[in-house]
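# Survey of secondary and tertiary structure
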Amino acid sequence: MKKALNGLVAILLCQVSFCQTTQAGILVSPYYRYFLPQKSSNEPCRILDTVTYRNERIVLFTKDRAHQFGVKTETLEKGAPRQVNSTIVQTIERRPFTARSSIFDDGLIFEYWDRPLTNGTSEVLFGYTTDHNVSQVRIRSKNGVRLLKLYDGRYFFCIFDPAKVLVEEAQGLGVDGKVLRVWNDHSNYGARRTWLSYFVQTYPYAVHGSYVCSS
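### A closer look at the overall build of the chain
In terms of regular secondary structure, the chain is built from 1 helix and 12 strands. Mapped in sequence order, the helices and strands of the chain form the string α-β-β-β-β-β-β-β-β-β-β-β-β. By residue count, 45% of the 215 residues in the chain fall in the buried class. Within the structure as shown, the chain displays about 12,200 Å² of accessible surface, and the carbon and sulfur contribution to it stands at 54%.

Okay, structure coming up:
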């Protein structure tokens with residue numbers, strides 16, 4: 001038992017050391033919050049875009065050092081109570097081998113989330129990709145297709161009315177228009193928790209309403 005405990009402590013110390021020396025492009029597990037707490041909620045936001053839609057201001061932002069991005073919505077209607085909501089996504093660059101569905105799975109991310117605006121009549125869809133071959137994103141719905149801009153070569157978002165537009169999937173396109181990535185709001189890459197999940201984060205996840213961008 002003593003040898004087992006010593007081995008576990010050695011593994012944890014090794015992982016903490018790895019966490020401290022790893023490059024900024026690699027995200028370590030959120031379990032490290034217990035060992036190396038960070039006040040990422042206080043990190044300033046970098047604004048990617050701001051749009052006004054039906055008396056609401058929607059901000060797409062990123063917190064680069066914390067490996068996070070998200071959207072903030074704020075009501076602008078005069079006389080109405082000011083409401084500010086945000087959703088932040090903890091991102092990863094690539095899933096490790098133990099969290100891939102097969103040897104043909106490269107572990108790159110292409111995914112989106114959606115959340116309703118405060119007026120309840122529309123939603124904002126936002127996502128990111130780590131496939132550098134994706135040069136444009138296309139949203140496919142029963143009403144047709146819609147091309148989206150890529151910010152920093154990886155982030156995308158749009159606002160839509162779910163009563164009129166039923167989003168079926170997002171497609172990541174290459175420079176030749178070929179579909180390289182597809183996301184239909186379901187885990188189609190076989191994400192699974194493994195022993196490595198305790199040391200390296202294996203999938204992106206959303207933290208709803210935890211942070212408010214102060215910018």
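Right, picking up where we left off after that structure.
### Quick word on the side chain of R181
Of note, R181 is situated in strand β11 (residues 179–183). Accessibility expressed as a relative area gives 15% for R181, which makes it buried. With residues up to four places along the chain from it excluded, the contact list for R181 reads D106, L108, F110, D131, V134, A170, Q171 and G172.

### Some remarks on the environment of F160
Inspection of the secondary structure puts F160 in strand β9 (residues 155–160). Each C-alpha atom of the pair F160 and L125 lies 7.8 Å from the other, and the pair is 35 residues apart in sequence. Beyond its immediate chain neighbours, meaning those up to four positions away, F160 contacts S122, E123, L125, R146, V165 and V167.

### Let's talk about the sheet that holds β11
Pairing in this open sheet of 4 strands is antiparallel, and the strands run β8-β7-β10-β11 from one edge to the other. Two strands bound the open sheet, and with one partner strand each, they are β8 (144–148) and β11. Each strand axis lies, on average, 25° off the axis of its neighbour in the sheet, ignoring direction. With 6 bridges joining them, strand β7 (residues 136–141) and strand β10 (residues 167–173) adopt antiparallel strand pairing. Bridge pairing in β10 links S141 to V167.

### Topic: the environment of F156
In this structure, F156 sits in strand β9. Put simply, F156 and R138 are 18 residues apart on the chain and 9.8 Å apart in space, counted from C-alpha to C-alpha. Among residues more than four places away in sequence, those in contact with F156 are F110, E111, Y112, L125, F126, G127, Y128, V137, L148, K149, L150 and Y151.

Definitions and cut-offs
Residues numbered from 1 in each chain as written. Predicted model: local features only at pLDDT ≥ 70, side-chain atom pairs only at ≥ 80, totals over all residues. Heavy atoms only, no water. Helix = DSSP H or I, 4+ residues; strand = E, 2+ residues; numbered from the N terminus. Buried < 20%, exposed > 50% of the residue type's maximum accessible area, 1.4 Å probe, protein only. Areas by Shrake-Rupley, 256 points an atom, 1.4 Å probe, with all protein chains shown as cover. Contact = heavy atoms within 4.5 Å. Pairing = 2+ DSSP bridges. Axes fitted to C-alpha atoms, helices over the stretch in contact; angles between N-to-C directions.

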